[in-house]
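Here is what each chain is made of, one letter per residue.
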There are 2 protein chains.
Amino acid sequence: MEDSIANLISTYHELNAAVVDELDEEPTPLEFMRYVAKNRPFVVRRAAEYWKAVQSWDAGYLNRMMGDEAVKVVVTPHGNADAVVKQEDGLLAFIEPHETFEPFGRFLADIQKRSKMGEREYRNVKYAQTQNDNLRNEYESLYADVPKNIPFARIALDEGADAINLWLGDDRSVTALHKDNYENIYVQVRGQKHFVLLPPVEMPCVNEQPLPKGRYVPSEHTDTLGIQLDTEAEPVPVAVWDPDTPDKLTTPYSHLAKPLRVTLREGDMLYLPSLWYHKVSQSVGEEGFVCAVNYWYDMDFSGHFWASNNFVRDVVNGEKMKPAYPELETDGQT
Amino acid sequence: MEDSIANLISTYHELNAAVVDELDEEPTPLEFMRYVAKNRPFVVRRAAEYWKAVQSWDAGYLNRMMGDEAVKVVVTPHGNADAVVKQEDGLLAFIEPHETFEPFGRFLADIQKRSKMGEREYRNVKYAQTQNDNLRNEYESLYADVPKNIPFARIALDEGADAINLWLGDDRSVTALHKDNYENIYVQVRGQKHFVLLPPVEMPCVNEQPLPKGRYVPSEHTDTLGIQLDTEAEPVPVAVWDPDTPDKLTTPYSHLAKPLRVTLREGDMLYLPSLWYHKVSQSVGEEGFVCAVNYWYDMDFSGHFWASNNFVRDVVNGEKMKPAYPELETDGQT
Ligand SMILES: O=C(O)CCC(=O)C(=O)O
Ligand SMILES: O=C(O)CCC(=O)C(=O)O
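Residues numbered from 1 in each chain as written. Chains lettered and ligands numbered in written order. Predicted model: local features only at pLDDT ≥ 70, side-chain atom pairs only at ≥ 80, totals over all residues. Heavy atoms only, no water.

Named according to an unreviewed UniProt entry, chain A is JmjC domain-containing protein originating from Oleoguttula mirabilis.

So this is what it looks like as structure tokens:
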């Protein structure tokens, strides 16, 4: 069985180069559909250069449009929202960020100020990263500056975007390795994002563990965040392997992973296919903040793709359950 | 592991109805690409009604165009070209047909004559079924009567047809359950074809066995065909389960299969996706023969599809190799 899993990953690599295709211009709906069919990413450099958002979203403009609106901001000690944290007892847990609301103007000023300070000068990292269609809700006044849909995706997938999200933070925030059930079109507006991407067949490499859930909560009298475990919650399966520290928390398959890396600059567009694992870090732009917008389209659960990925997960988890049998002669044939 | 395999098949069925979609008209290239992405079949009734082939290919016309040309014809005792045969010793073998060349006119007359006779009146069944692009070679003079490509497929897949094949025979020929590495557009010209289709995830149901290869060869003084085994040849993996006799030669998964059935009538077009198992039987048209044309387009081996199917095969074959261990306590965790 181990061999079958290793074989799956190496067959995939034989048939697919570990690079992100670079397209000269936006694909047609048909060209896009070919990428969806293969479940392979691509980047289109400068595709969004002409968007009002990319042209105009400097701090002054954003403050004029959004200044007094209360927005949801997550806070973590190290920029680690929705991440695996090693607790004092050495055990791992999946910790959600502390959530607050504050006026957008104050939040943005804070982000910019912190970007100017040295890394050790401040504690707690803020990130606006509510993945709940916030650009059509909280940030509605900015929504006119981006297209309501990505035409090639809308036409190819025959559906509107399920969510359009705005992401704003500084370079201390890192989004931990995870996957989403969405076809994702991700557009960089300010600063840069550094994506590390793993195809779904590398599930056996990422060491998914059922972890207890918790949340960062502020202490009563200081601004220190402590961890509060949710003892009622079902453990959630979380990838604990990190492609940037590939020798830690490995599985027998981690060394077979061939992470793809791509950096998005202002105006670049990435197609991040459904169920791909992604880890995302960032670099601030000229004004000391990072901003991006992404479009989530529902993936298609029919066909073989979902069922096949489910099967890989099942086999890998079954493998972990396997008793350590003594060596016996096999009685089967090929 | 058994559970994982059963789970794969049932998850697939939960997400995909066991029916062949019927389209009102030919899909656009994009609509077609959605079917390719899902690896799901569809039929377009009467799509080819306007083709010269469908309008004109009666026996008189075919004889005028092809009468004296020598064509390759395969001969089998029961209409079982490329099929599993139980030998006298009870063992199974994969037997290829006897191949002959004869003038098209004589072959067609023979097919028509046999169709008029009762089933027991004649021995040996003929079928023109060379899947080697014969319509652009042997049957070149008929090639002008069909489109050189199926436009929606050519545009979607961005390639010409790898092979265009003509099939001509009578209703005793049955093509045994098998799969091809091609996206297949199949068009009925005369008579009917009855397809039984299984998706690639049902590989565990079809009982692929490595069988010795052989060939039908004529006896010296009679027209009886005998089997000659090729003792040098590597055994070939062949599906031995037959969806029409579902209780024989089963695997533990055969009962989970949900075969799709569709009959093509004159002018109908079927998209048969790559790696789908298909068994094909037929009914003659008014003039006592069956004729069809199909277009094979190379499938895409990149992306996850090929690798995933390979993995299913690997796991199923690994499962067969598993020793019959004693029941032990497991020591693993989820
Ligand atoms: O930009 C980020 O920090 C993460 C993006 C992400 O996870 C997503 O778009 O799904
Ligand atoms: O028409 C037949 O007999 C079989 C067709 C077939 O196997 C194919 O088109 O791949």
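Q: Before we go on, may I ask you to explain a negative patch on the surface in this structure?
A: On the surface, a cluster of negative charge is contributed by Asp24, Glu25 and Glu31 of chain A together with Asp158 of chain B. Position of aspartate 158 of chain B among the secondary structure elements: in the loop between helix H7 (151–157) and strand E8 (163–169). (Patch = residues over 30% accessible without salt bridge, like charges linked within 9 Å, V, L, I, M, F, W, Y side chains within 5 Å. Areas by Shrake-Rupley, 256 points an atom, 1.4 Å probe, with all protein chains shown as cover. Salt bridge = Lys/Arg side-chain N within 4 Å of Asp/Glu carboxyl O. Lys, Arg positive; Asp, Glu negative; His and termini not counted. Charge placed at Lys NZ, Arg CZ, Asp CG, Glu CD. Helix = DSSP H or I, 4+ residues; strand = E, 2+ residues; numbered from the N terminus.)

Q: Teacher, can you tell me more about the site of ligand 2 here?
A: Residue and element names in this part refer to chain B. For ligand 2, the full set of nearby residues is Tyr127, Trp167, Thr175, His178, Asp180, Asn184, Tyr186, Lys193, His278, Val280, Asn294 and Trp296. One of the side-chain nitrogen or oxygen atoms of threonine 175 is found 2.6 Å away from an oxygen atom of ligand 2. Contact between ligand 2 and asparagine 294: an oxygen atom at 3.1 Å from a side-chain N or O atom of the residue. In the complex, the protein chains occlude 100% of the 300 Å² of accessible area that ligand 2 would expose alone. (Near = heavy atom within 4 Å. Polar contact = N/O pair within 3.5 Å; in protein donor to acceptor, adjacent residues only side chain to side chain.)

Q: So what exactly am I meant to see when it comes to the sheet that holds strand E11 (residues 192–198) of chain B here?
A: Paired through their backbone hydrogen bonds, the strands of a sheet run either parallel or antiparallel. Residues and elements named next belong to chain B. An order of E9-E18-E11-E16 is seen for the four strands of this open sheet, with the pairing classed as antiparallel. Since the sheet does not close on itself, it has two edges, and those belong to strand E9 (175–178) and strand E16 (260–264), each with one partner. Strand-to-strand, the axes of this sheet are offset by a mean angle of 20 degrees, without reference to chain direction. For E11 and strand E18 (residues 277–283), the ladder comprises seven bridges, and the chain directions are antiparallel. When the bridges of E18 are listed, phenylalanine 195 appears paired with valine 280. (Pairing = 2+ DSSP bridges. Axes fitted to C-alpha atoms, helices over the stretch in contact; angles between N-to-C directions.)

Q: In this structure, what is going on with the site of ligand 1? I would like to understand it.
A: Residue and element names in this part refer to chain A. Around ligand 1, a shell composed of Tyr127, Trp167, Thr175, His178, Asp180, Asn184, Tyr186, Lys193, His278, Val280, Asn294 and Trp296 is seen. Contact between ligand 1 and threonine 175: an oxygen atom at 2.6 Å from a side-chain N or O atom of the residue. If you list the elements that add at least two residues to the shell around ligand 1, you get strand E9 (175–178), strand E10 (182–190), strand E18 (277–283) and strand E19 (290–298). Grouping the amino acids of the shell around ligand 1 by side-chain chemistry returns five nonpolar, five polar and two charged. (Nonpolar A, V, L, I, M, F, W, Y, C, P; charged D, E, K, R; others polar.)

Q: Would you mind showing me how to read the packing of helix H4 (residues 59–66) of chain A against helix H5 (residues 104–116) of chain A here?
A: For any two helices packed against each other, the geometry is given by the interaxial angle and the distance between the axes. Residues and elements named next belong to chain A. Two numbers describe how H4 lies on H5: the axes approach to 9 Å, and their chain directions differ by 160 degrees. Taken together, the axis directions place H4 and H5 in an arrangement best described as roughly antiparallel. Taken together, the residues of H5 that come into contact with H4 (itself represented by Ala59, Leu62, Asn63 and Met66) are Phe104, Gly105, Leu108 and Gln112. (Parallel < 35°, antiparallel > 145°, perpendicular 65-115°, else oblique. Contact = heavy atoms within 4.5 Å.)

Q: Would you mind showing me how to read the pattern of salt bridges here?
A: Pairing between side chains becomes possible if they bear opposite charge and their charged atoms approach one another. With the rule as written, the count across this model stands at 34 salt bridges over all chains. Here aspartate 133 of chain A makes a salt bridge to arginine 136 of chain A, at a shortest N to O gap of 2.9 Å. You can call arginine 136 of chain A partly exposed: its relative accessible area is 25%. The salt bridge involving glutamate 208 of chain B is made with arginine 313 of chain B; its shortest N-O contact spans 2.8 Å. In this pair, glutamate 208 of chain B is assigned in strand E12 (residues 208–211) and arginine 313 of chain B in helix H8 (residues 305–321), connecting sequence segments 105 residues apart. For glutamate 208 of chain B, a relative accessible area of 11% translates into the label buried. (Buried < 20%, exposed > 50% of the residue type's maximum accessible area, 1.4 Å probe, protein only.)

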